[in-house]
Amino acid sequence: MLLFSRQGKLRLQKWYVAHSDKVKKKITRELITTILSRKPKMCSFLEWKDCTIVYKRYASLYFCCAIEQNDNELLTLEVIHRYVELLDKYFGSVCELDIIFNFEKAYFILDELLVGGEIQETSKKNVLKAIAAQDVLQEVSTPDDSYDI
Amino acid sequence: MGVPAGDVEKGKKLFVQRCAQCHTVEAGGKHKVGPNLHGLFGRKTGQAPGFSYTDANKAKGITWYEDTLFEYLENPKKYTPGTKMVFAGLKKPAERGDLIAYLKSATNKEAEIKRINKELANIRSKFKGDKTLDGYQKKKYVCKLLFIFLLGHDIDFGHMEAVNLLSSNKYSEKQIGYLFISVLVNTNSDLIKLIIQSIKNDLQSRNPIHVNLALQCIANIGSRDMAEAFSNEIPKLLVSGDTMDVVKQSAALCLLRLFRTCPDIIPGGEWTSRIIHLLNDQHMGVVTAATSLIDALVKKNPEEYKGCVSLAVSRLSRIVTASYTDLQDYTYYFVPAPWLSVKLLRLLQNYNPPTEDPGVRGRLNECLETILNKAQEPPKSKKVQHSNAKNAVLFEAINLIIHNDSEASLLVRACNQLGQFLSNRETNLRYLALESMCHLATSEFSHEAVKKHQEVVILSMKMEKDVSVRQQAVDLLYAMCDRTNAEEIVQEMLNYLETADYSIREEMVLKVAILAEKYATDYTWYVDVILNLIRIAGDYVSEEVWYRVIQIVINREEVQGYAAKTVFEALQAPACHENMVKVGGYILGEFGNLIAGDSRSAPMVQFKLLHSKYHLCSSMTRALLLSTYIKFINLFPEIRGTIQDVFRQHSNLRSADAELQQRASEYLQLSIVASTDVLATVLEEMPSFPERESSILAVLKKKKPGRVPENAEIRDNKSPVPNSHAHTNNAQNNHTSSSNNANASSDLLGLSTPPASQSGTLIDVLGDIYSTANGNSNVVNNSKKFVFKNNGVLFENDLLQIGVKSEFRQNLGRLGLYYGNKTQTALQNFVPTLQWSAEDALKLNVQIKAVEPTLEAGAQIQQLLTAECIDHYVGAPSIIISFRVNGGAVQKITVNLPLTVNKFFEPTEMNAESFFARWRNLGGEQQRAQRVFKAQQPLDLPGARNKLTGFGMQLLDSIDPNPDNMVCAGIIHTQAHKVGCLLRLEPNKQAQMFRLTIRSSLEAVTQEICELLVDQF
């Protein structure tokens, strides 16, 4: 799963299949250019190598997943949507910057939703509960802090 | 005026909110409404290259620095009256300060890199420093490293610190540690042992959140080491009664991930039923996760998990009949549990038929009907999510219906539903509907129903805005084409081809060519179509397509005259494609006489027409034309003089190509020296081509492996009927002088002109300089022996030696090919290509790594192949090695690979009793095969025993009462199933014969094993 902005900047990447760094970079580059060159009215699925790419644009961010030939495309689109909903719920009207500065949270939420590339929990409430539980645990152990450089 | 020191990050937020609409900052960023701001500081107003500023802006003439920007940003319109920047300004000085600080950092990429390098150096020194860092600091720095990595910079240190964080007792530190590891650690890092230890500790934790964190990390890395380390714990966690639901979910998916890297991790036996029963779990989340796992397990071992079918059906039926309020939070936009439904439907697609039990089957059909009914209901919400989720389930249900392919009514209903989607507003739906219909078209029940939508599909091929949707429409048209609608569809595709996207033209050309050939009832139509094809999209017509049309014309007498006439007319167009010239040259050369009676196409006219194109063509085509000319001499003796002039012209230095020179001078000689009789024999009409699979179909398959939609009648491959003319190419070769050693292989393309030579004049043949190998005297091709061995020299001639090493385990194999150059010069354009049809590749999947195109003198290179046996197959892939020596002609060598199906044998030990029990069990007509063949001289029994051992089966002694007889047993491992196989080889010393008997559970395997072994002893 890849998240990137309209400017083609990668914001979040998650790989469920092992690749070397070089391959990862190459795939990312190719995907970003292919998707950014598509027009808004075009369909959200495209054949790419031996998989299907499902992508959707939310504001300035593109969310993009590669799935196998016979996976369900529409539902993948909804996985993306569910993830966006979760981010939105968690951050409260999420924007690109939230994801940039709280990338670790974005990852944790994704981990709760998908494990090993398969959907784990489809209930919004349950995912948020799990994240909230993590946060409580975190509050107990250390004060909140920011990591900007 | 002082500019307040700003905060870069706040400034960034401001920029994104207020400015990013119209401006970019990165180097090389594009101009939007406003100019790209890279390098803004120190630049004069109105100077960004390539942006059209207003005059006011250009005339302002100040230089941008902090102070000028500070003033400007407060009220741009006031500062530069007449600017076209629509921006009210930032009234708060602090905000302006922030923004300027950000612009300063962002418009200068070098500054960012500098800043990051400084930070990296800082972190590195902190990590290296003597002071031990406390947990908080470590976490802070590790987190910074992560951030830098995400910005797109490389991180090569800090792994150790992250691993340390794993064992921290503070949750937030642990969490960051895990995150760093799952994002940045490679599967083969040497830290993996330490990581595994920490994960082990966390798995033991009583806190489910810690356990989950550990599980997620395992799933994220999912290496073989992990699989080995946790093969006990995770299955236990999954089925144990006191595991929390959340943990079970993670454990199921984690196990799935590990199963994918390492399929032997799953315990069998009693675990099977416990895992299946997860489908009955109370908690929907657990069921969702478990279904994914079971789906993967079923694929590996369908028999063992058969029990899941009825459970899955009842679960599915509960979901589809539930109202959306029943499932509470698992309802997604009014659709009850879409993810789980889809997964269950997919799970059921692993079996065909899903179940023998009529009760379960009835319930499944009910479910499918309910889903189809629901599609007709008015939507419960206008949101796109609602319809997406609903349709996702629908499409999966349709997939299952197609997969089962037994319920005609369901298939037709599905088809009608998809027909509605074809005119839906959503591009996505149209795309998917076209895709699914492609599958429906291949089912006999719904093929007719699909055809009803032909017009809409043609419309979408023409009108869709998105090329990928158009592509799907083309695929569907191809799939739904049959005898009744072929003419119309082909015509529409031809029409569209003129405006089609370049990206799909080549494929369309192939498809049109195939359809035209397959469904042609009238071959004049076929000829028209192909010539049109060449006219419209000549560049995209590959060699195979025009070879094919010529093959067909030659094989069918009734179209020859028509073809000659049509092609003659087509050539009269002022500009025509080179492929047209090729076809024209060939056909006129063969059948020009059929139209010569007409004064408009008299011999001279034909010749002049062809020759007018000569100068515009490549040397390959010119060579072909020269051959046509010599044929003309035979057909039309009256224009011999003119043609000989042309030959004379081209037989000297004027033609730069040596091949053309040679050809011209040889043909010239031939036409001067040979008597009419000889000429007539040498240049006789081409014999019919032997029947073969349409080469175009093979190209299409190769181009899109696994994606060629089955055309409904693809199997009754109706190609032109071969004429049983007695003469073959070889018969013609008899007329050629014996010194012409290359001729035997001249028919590589099935197209080369008849070779001709006269009294010692060596005449070369079109084609072989471009394609065939020279006859090599010293060739060793050992492929037959490799049925019995895995390593050795596979092929050897004067130039090249090919060695092979291979090993096999279960259904997997690995081959190393070693190419050794025996010459003193480098072999150029050295390309090995695998020959294994797409259809066969579904049974034996062979992956090949590319090699360097140059093989240096005396050097050896290695090429790795991996093979996975998915289903039983016949034959073995071969490899074609092409290369050039000293820039000479391309040579080709074909070598069969030692990848016959017996390589996947596992020897099986058994005693006499069980051997004979099995032997009797496999007594059916289809299960046994027997052959009697002559032994090689002298009869060598120990040698035969050795060979059988090498063949991969277990040689079983003291079973057969006759000690000379040999019996063997083995199991062939394929991914789909295991095939048990028994063998008996009885020598007859008097007659010097062998009798071979094979018995196995599959007829095809029996036959293939028999074929492999016969005549080998």
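Residues numbered from 1 in each chain as written. Chains lettered and ligands numbered in written order. Predicted model: local features only at pLDDT ≥ 70, side-chain atom pairs only at ≥ 80, totals over all residues. Heavy atoms only, no water.

Draft legend 1. How the structure looks around the overall build of chain A. Counting its regular elements, chain A contains five helices and seven strands. Counting from the amino terminus, chain A carries its helices and strands in the arrangement β-β-α-β-β-β-α-α-α-β-β-α. Taking all 149 residues of chain A together, the buried fraction comes to 59%. Taking as baseline every contact in chain A between residues at least 6 positions apart, the subset at least 24 positions apart corresponds to 46%. Summed over all atoms, the accessible surface of chain A reaches about 6,400 Å², with 55% contributed by carbon and sulfur. (Helix = DSSP H or I, 4+ residues; strand = E, 2+ residues; numbered from the N terminus. Buried < 20%, exposed > 50% of the residue type's maximum accessible area, 1.4 Å probe, protein only. Contact = heavy atoms within 4.5 Å. Areas by Shrake-Rupley, 256 points an atom, 1.4 Å probe, with all protein chains shown as cover.)

Draft legend 2. Highlighting the sheet that holds strand 7 (residues 827-835) of chain B. Residues and elements named next belong to chain B. Here three strands make up an open sheet; going across it, the order is 7-10-11 and the pairing antiparallel. Of all the strands in the sheet, the pair left with one neighbour each is strand 7 and strand 11 (890-896). Along the sheet, successive strands turn relative to each other by an average axial angle of 20°, direction set aside. Examined bridge by bridge, strand 10 (residues 878-885) and strand 11 share seven bridges and lie antiparallel to one another. In the strand pairing of strand 11, Ser878 is matched with Asn896. (Pairing = 2+ DSSP bridges. Axes fitted to C-alpha atoms, helices over the stretch in contact; angles between N-to-C directions.)

Draft legend 3. Molecular detail of the confidence of the model for chain B. Residue and element names in this part refer to chain B. In this model, chain B carries an average pLDDT of 79, and 89% of its residues clear a pLDDT of 70 or more. Within chain B, the element-level pLDDT minimum falls on helix 38 (residues 729-733), averaging 37, and the maximum on helix 18 (residues 338-348), averaging 89. In this model residues 705-710 is a low-confidence stretch, pLDDT under 50, and it forms 14 contacts with partners more than four residues away in sequence or in other chains. This complex was scored by the predictor with a pTM of 0.62 and an ipTM of 0.86. (pLDDT = per-residue confidence, 0-100.)

Draft legend 4. Expanded view of the state of the cysteines. Residue and element names in this part refer to chain B. This structure, assessed with the given rule, holds zero disulfides over all chains. With no disulfide of its own, Cys576 lies closest to Cys617 among cysteine sulfurs, the gap being 8.0 Å. On the accessibility criterion, Cys576 (22% relative accessible area) is partly exposed. (Disulfide = S-S within 2.5 Å.)

Draft legend 5. Molecular detail of the interface of chain A and chain B. Across the boundary between the two partners, chain A contributes 60 residues, which contact 75 residues of chain B. Here chain A meets chain B over a buried area of about 6,400 Å², counting both sides, of which 57% is carbon and sulfur. For the salt bridge of Asp71(A) with Arg346(B), the shortest nitrogen-to-oxygen distance reads 3.7 Å. Taken together, the elements giving at least two residues each to the side of chain A that touches chain B come down to strand 2 (10-13), helix 1 (21-36), strand 3 (45-48), helix 2 (73-91), helix 3 (96-101), helix 4 (103-113), strand 7 (118-119) and helix 5 (124-141) of chain A. Ranked by the residues each element gives to the side of chain A that touches chain B, the list is headed by helix 2 of chain A, at nine residues. Of the residues assigned to the side of chain A that touches chain B, the class counts are 22 nonpolar, 16 polar and 22 charged. (Buried area = accessible area lost by both parts, 1.4 Å probe. Salt bridge = Lys/Arg side-chain N within 4 Å of Asp/Glu carboxyl O. Nonpolar A, V, L, I, M, F, W, Y, C, P; charged D, E, K, R; others polar.)

Draft legend 6. Focus on unusual backbone geometry. A positive phi is found at Tyr333(B), a non-glycine position, where the angle reads about 45°. Tracing the backbone through its elements, the reader meets Tyr333(B) in the loop between strand 1 (331-332) and strand 2 (335-336).

Draft legend 7. Structural view of the environment of Gln454(B). All names here are of chain B. Looking at where Gln454 falls in the secondary structure, it is placed in helix 24 (residues 454-463). For Gln454, a relative accessible area of 10% gives the class buried. For the pair Gln454 and Asn485, spaced 31 residues apart in the sequence, the C-alpha separation amounts to 9.1 Å. The contacts of Gln454, once residues within four sequence positions are left out, are Met480, Asn485, Glu488 and Ile489. At 3.4 Å, the side chain of Gln454 forms a polar contact with the side chain of Asn485. (Polar contact = N/O pair within 3.5 Å; in protein donor to acceptor, adjacent residues only side chain to side chain.)

Draft legend 8. Examining the nonpolar core more closely. Residue and element names in this part refer to chain B. Ranked by internal contacts, the top residues of the largest apolar core, which has 269 residues, are Ile199, Met226, Tyr629 and Phe647. For this core, the element with the highest residue contribution is helix 28 (residues 523-537), accounting for eleven residues. Not counting residues up to four positions away in its chain, the partners in contact with Ile199 are Tyr178, Ala214, Cys217, Ile218, Met226 and Phe230. In this structure, Leu827, Val851, Leu899 and Met966 belong to the second largest nonpolar core, which totals 63 residues. (Core = buried A, V, L, I, M, F, W, Y, C linked by side-chain atoms within 4.5 Å.)

Draft legend 9. Representation of the pattern of salt bridges within the structure. Counted by the stated rule, this structure contains 34 salt bridges over all chains. With a shortest N-O distance of 3.6 Å, Asp281(B) and Lys248(B) are connected by a salt bridge. On the criterion of sequence distance, the pair formed by Asp281(B) in the loop between helix 15 (270-276) and helix 16 (284-300) and Lys248(B) in helix 14 (residues 245-261) is long-range, its members being 33 residues apart. Here Arg548(B) makes a salt bridge to Glu517(B), at a shortest N to O gap of 2.8 Å. Taken together, the positions of Arg548(B) in helix 29 (residues 543-555) and Glu517(B) in helix 27 (residues 502-519) put the pair 31 residues apart, joining distant regions of the chain. Exposure class is identical for Arg548(B) and Glu517(B). Each is buried. The network of salt bridges with shared partners includes Asp71(A), Arg346(B) and Glu396(B).

Draft legend 10. Summary view of the side chain of Arg315(B). All names here are of chain B. Here Arg315 shows up in helix 17 (residues 308-321). One buried charged residue, Arg315, remains without a salt bridge, the closest side chain of opposite sign being Asp281 at 6.9 Å. Here Asp281 takes part through its backbone oxygen, which lies 3.0 Å from a polar atom of the side chain of Arg315. Contacts of Arg315, omitting those with residues within four sequence positions, involve Leu279, Asn280, Asp281, Met284, Val287 and Leu344. (Lys, Arg positive; Asp, Glu negative; His and termini not counted.)

Draft legend 11. Structural detail: the packing of aromatic side chains. Residues and elements named next belong to chain B. Using the criterion set out here, one finds 29 aromatic pairs over all chains in the structure. Measuring from ring centre to ring centre gives 6.2 Å for Phe127 and Tyr141, while their planes differ by 90°; the resulting arrangement is edge-to-face. One end of the pair, Phe127, is in helix 6 (residues 109-128); the other, Tyr141, is in helix 7 (residues 135-150), and 14 residues separate them in sequence. Since its relative accessible area comes to 5%, Tyr141 is described here as buried. Where Phe788 meets Phe951, the ring centres are 6.0 Å apart and the plane angle is 50°; that geometry is what we call tilted. Taken as a pair, Phe788 in the loop between strand 3 (780-781) and strand 4 (792-796) and Phe951 in helix 41 (residues 941-951) lie far apart in primary sequence, 163 residues in all. Since its relative accessible area comes to 1%, Phe951 is described here as buried. The aromatic ring of Phe70 is capped on one face by Arg96, whose charged end is 4.4 Å from the ring centroid. Looking at Lys200, its charged tip hangs above the ring of Phe230, at a distance of 5.7 Å from the centre. (Phe/Tyr/Trp six-rings, centres within 6.5 Å; stacked < 30°, edge-to-face > 60°. Lys NZ or Arg CZ within 6 Å of the ring centre and 35° of its normal.)

Draft legend 12. Here's a closer look at the packing of helix 29 of chain B against helix 31 (residues 578-591) of chain B. Residue and element names in this part refer to chain B. Contact geometry for helix 29 and helix 31: axes closest at 10 Å, N-to-C directions at 20°. Taken together, helix 29 and helix 31 sit at an angle that is classed as roughly parallel. The hand of the helix 29/helix 31 crossing is right-handed. Residue-level inspection shows Glu543, Trp546, Val549, Ile550, Val553 and Ile554 of helix 29 in contact with helix 31, the latter providing Asn579, Lys582, Val583, Tyr586, Ile587 and Phe591. Here the contact of helix 29 with helix 31 is composed, by residue class, of nine nonpolar, one polar and two charged. (Parallel < 35°, antiparallel > 145°, perpendicular 65-115°, else oblique. Left-handed = near helix turned anticlockwise from the far one by under 90°.)

Draft legend 13. Representation of helix 18 of chain B in the model. With eleven of eleven residues buried, helix 18 of chain B lies mostly within the body of the structure. When helix 18 of chain B is considered as a whole, its buried residues turn out to be Pro338(B), Trp339(B), Leu340(B), Ser341(B), Val342(B), Lys343(B), Leu344(B), Leu345(B), Arg346(B), Leu347(B) and Leu348(B).

Draft legend 14. Spotlight on the side chain of Gln1016(B). Residue and element names in this part refer to chain B. Along the chain, the position of Gln1016 falls in the segment after helix 42 (1003-1013). Taking the relative accessible area as the measure of exposure, Gln1016 reaches 7% and is therefore buried. Residues within four places of Gln1016 in sequence aside, it is in contact with Lys784, Val787, Phe788, Phe933, Gln936 and Lys947.

Draft legend 15. Just the packing of helix 28 of chain B against helix 30 (residues 557-571) of chain B, in detail. Residue and element names in this part refer to chain B. Close contact between helix 28 and helix 30 brings their axes to 9 Å; oriented N to C, the two are set at 30°. Taken together, helix 28 and helix 30 sit at an angle that is classed as roughly parallel. In this structure, the crossing between helix 28 and helix 30 has a hand that is right-handed. Across the interface between the two elements, Tyr523, Thr524, Val527, Asp528 and Leu531 from helix 28 touch Glu558, Val559, Tyr562, Ala563, Thr566 and Val567 from helix 30. The residue makeup of the contact of helix 28 with helix 30, split by class, is seven nonpolar, two polar and two charged.

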